[in-house]
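The chain contents come next:
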Amino acid sequence: MPLENEDPARWRGKQVNGEVSSMPRLGGMGDPPSWGTPAPDISRTKAMAEGWEPGPVLGDGDVTPWGSLQQAGQELGRREEALMAELSELVQKVVKSSSWWERHGVDISILACSFLLLPAGFLCLRSAQAIPFLASVLTLGVVHHTLTVKGSHLASHNALTESKSWSKVWAIFFIELCSAFTAEQATYNHVKIHHGYTNVIGLGDSSTWKLPFLNRYIYMFIAPLAVPIITPLVALDLLRNVEWKAALRTLCCMFLGLYCHYWLLLHVSGFQSLWSTLLCMLLTRSLLAHPYIHVNIFQHIGLPMFAADQKPKRIHLMSLGILNLPRNAVLDWSFGHSLISCHVEHHLFPSLSDNMCLKIKPIVSQYLKQKKLRYNEDTYTSRLRLFLQRYEELMVHAPPITELVGIQ
């Protein structure tokens, strides 16, 4: 099983050393300041990734030959490639020693259990009592996000099975039928762009999640309710970029998935009117939309951003630009470990399943800390507070480009 990220050319606060930082980017040579420390002037700040040795200090009259800088850059590149190769070897040993159940079975079982909960969820909606009705709404909401977020994410990375043919089938099923989106564009944008150019300005910087015309409270707390409506509309617009056969298949799958949901609410749950049925569809499909939006911005935006021609090598890029959130029972089940507490591990080894990302987490975190590389972690509430306080800077204005001293 390949562990490296898919080839980009083929596919189109944080916590450091136990201290949480208020800086959304690198702050300098040492550890970042703690929460509440005023951010330094962006125009005067030079950032340098931890683990990189600074070059000699130059005096006013000193001049560094270009050849020496180029040679230093090549040596740095070889060192970083060696670090990634060493970490990959450690992870590969764990993968090879793991059973099929650990590699794929656990996550497939979670998806299967979600399907088995669907009949109970739709039948309990017939109840006139509040508790069973609300319980069924919660059940259907969690099941929907498990299939559309966890299932789609694993399928887009071919992490559900080692068969390429079945991976394609599962991608169509989870992304198009369940999520009402287009499989080709979802895979292209997520795997090739987001993973291939993580935190690179204009490419994988998560800018697709920004809506600068909305104020912070509407974006963070009201706009997520529209995700079930916006998703198919965006998918229809993206169909212009795929061939007609794929577009026709996507349209059929999207219609079938939405109609099946509507039909089950009418004929199994006993809804009587069009509007009550559509309202229930919206309610269940947007139940976890808030954490879905939040997670997508919390784990990348506010961390170091880079220019396409001035970005560190893979292992430094992933250790700097990605953040893990704490484990959460509901989000772990419905979104998967790779999107919550193992996001760093997922970006380093995107072909691994959620359960395998959780299994290699101690190895990856220990290795990065041992090599004095960043391993970013922060709590959900802390990130929410940061985005509410610095919404204009992080979500409206263009993020600053991190300058890597010594390798420009």
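Residues numbered from 1 in each chain as written. Predicted model: local features only at pLDDT ≥ 70, side-chain atom pairs only at ≥ 80, totals over all residues. Heavy atoms only, no water.

The chain has the name FADS6 desaturase in an unreviewed UniProt entry, where Fregetta grallaria is given as its organism.

A. Just the overall build of the chain, in detail. Each helix and strand in the chain was counted, giving 16 helices and four strands. Only carbon and sulfur atoms are counted for the fraction: they give 63% of the accessible area of the chain, which is about 19,500 Å². (Helix = DSSP H or I, 4+ residues; strand = E, 2+ residues; numbered from the N terminus. Areas by Shrake-Rupley, 256 points an atom, 1.4 Å probe, with all protein chains shown as cover.)

B. Structural context of the UniProt feature "transmembrane region" (unreviewed entry) in the chain. According to UniProt, the positions carrying the feature "transmembrane region" (unreviewed entry) are residues 217-239 and 246-264. Its end C-alpha atoms 32 Å apart, residues 217-239 is made of 78% helix and 0% strand. Helix makes up 100% of residues 246-264 and strand 0%. Its end C-alpha atoms lie 27 Å apart. (UniProt positions renumbered as here; feature names shortened; annotations may be inferred.)

C. Region of interest: the side chain of serine 338. If you trace the backbone, serine 338 turns up in the loop between helix 12 (329-334) and helix 13 (343-348). Since its relative accessible area comes to 1%, serine 338 is described here as buried. Excluding anything up to four places from it in sequence, serine 338 contacts His153, His343, His346, Asp354 and Cys357. (Buried < 20%, exposed > 50% of the residue type's maximum accessible area, 1.4 Å probe, protein only. Contact = heavy atoms within 4.5 Å.)

D. The arrangement of the nonpolar core in detail. If you look at the biggest cluster of nonpolar residues, it comprises 22 residues, and the most contacted ones within it are Leu348, Phe349, Val364 and Leu368. Those elements giving two or more residues to this core turn out to be helix 1 (66-96), helix 11 (314-320), helix 13 and helix 14 (354-370). (Core = buried A, V, L, I, M, F, W, Y, C linked by side-chain atoms within 4.5 Å.)

E. Region of interest: the packing of aromatic side chains. By the definition in use, this model includes twelve aromatic pairs. Summarising the aromatic geometry, the rings of tyrosine 259 and tyrosine 262 are spaced 6.5 Å apart at their centres and angled 40° between planes, so their arrangement reads as tilted. Separated by three residues within a single helix, tyrosine 259 and tyrosine 262 lie in helix 8 (residues 244-267), roughly one turn from each other. Put simply, the rings of Phe115, Trp166, Trp170, Phe173 and Phe174 touch in pairs and so form one group of aromatic residues. (Phe/Tyr/Trp six-rings, centres within 6.5 Å; stacked < 30°, edge-to-face > 60°.)

F. Representation of helix 9 (residues 274-285). A rise of 1.5 Å per residue sets the reference length of helix 9, with its twelve residues, at 16 Å; its end C-alpha atoms lie 17 Å apart and thus fit the reference within 8%. Among the residues making up helix 9, those that are buried are Thr277, Cys280, Met281, Thr284 and Arg285. Viewed end-on, helix 9 has its buried residues packed into an arc of 120°, placing them on one side of the element. For helix 9, the exposed residues set more than 90 degrees away from the buried face come down to Trp275 and Leu279. (Expected span 1.5 Å × (residues − 1). Arc of directions from axis to C-beta.)

G. Local environment of the environment of leucine 348. Mapped onto the secondary structure, leucine 348 falls in helix 13. Along the chain, leucine 348 and methionine 318 lie 30 residues apart, while their C-alpha atoms are 6.5 Å from each other.

H. Structural view of the environment of aspartate 354. Mapped onto the elements, aspartate 354 comes out in helix 14. For aspartate 354, a relative accessible area of 1% translates into the label buried. In this structure the C-alpha to C-alpha distance between aspartate 354 and glycine 336, which are 18 residues apart in sequence, comes to 5.7 Å. Those residues in contact with aspartate 354 that lie beyond four places of it in its chain are Asp107, Lys150, Leu154, Phe335, Gly336, His337 and Ser338.

I. View of the packing of helix 2 (residues 100-124) against helix 3 (residues 130-156). Here helix 2 crosses helix 3 at 150°, and the two axes come no closer than 9 Å. Between helix 2 and helix 3, the angle falls in the class roughly antiparallel. For helix 2 against helix 3, the interelement crossing comes out left-handed. Contacts from Asp107, Ile110, Leu111, Ser114, Phe115, Leu117, Leu118, Gly121, Phe122 and Cys124 of helix 2 reach helix 3 at Pro132, Phe133, Ser136, Thr139, Leu140, Val143, Thr146, Leu147, Lys150, Gly151 and Leu154. Class assignment of the residues belonging to the contact of helix 2 with helix 3 gives a composition of 13 nonpolar, six polar and two charged. (Axes fitted to C-alpha atoms, helices over the stretch in contact; angles between N-to-C directions. Parallel < 35°, antiparallel > 145°, perpendicular 65-115°, else oblique. Left-handed = near helix turned anticlockwise from the far one by under 90°. Nonpolar A, V, L, I, M, F, W, Y, C, P; charged D, E, K, R; others polar.)

J. The arrangement of empty space enclosed by the protein in detail. Approximately 40 Å³ is the volume found for the second largest cavity. Lining the second largest cavity, in full, are Val149, Tyr292, Val295, Asn296, Phe335 and Leu339. It is helix 10 (residues 289-298) that provides the largest number of residues to the lining of the second largest cavity, a total of three residues. Across the lining of the second largest cavity, the residue classes break down as five nonpolar, one polar and no charged. (1 Å grid on protein atoms, 1.4 Å probe; cavity = no way out; pocket = protein on both sides within 12 Å on 5 of 7 lines; lining within 4 Å. Points joined across faces, edges and corners; volume = space filled by probe spheres on them.)

K. A look at the pattern of salt bridges. Per the counting criterion, the structure on display carries twelve salt bridges. The salt bridge partner of glutamate 176 is arginine 249, with a shortest N-O separation of 2.6 Å. Of this pair, glutamate 176 sits in helix 4 (residues 164-178) while arginine 249 sits in helix 8, placing them 73 residues apart in sequence. A relative accessible area of 0% means that glutamate 176 is categorised as buried. Overall, arginine 249 belongs to the partly exposed group, its relative accessible area being 23%. The partner of glutamate 184 in a salt bridge is arginine 249, with the nearest N and O atoms 2.7 Å apart. A residue pair is termed long-range when its members are at least 10 positions apart, and glutamate 184 in helix 5 (residues 183-195) and arginine 249 in helix 8 qualify at 65 residues. Through salt bridges that share partners, Lys168, Glu176, Glu184 and Arg249 make up one connected network. (Salt bridge = Lys/Arg side-chain N within 4 Å of Asp/Glu carboxyl O.)

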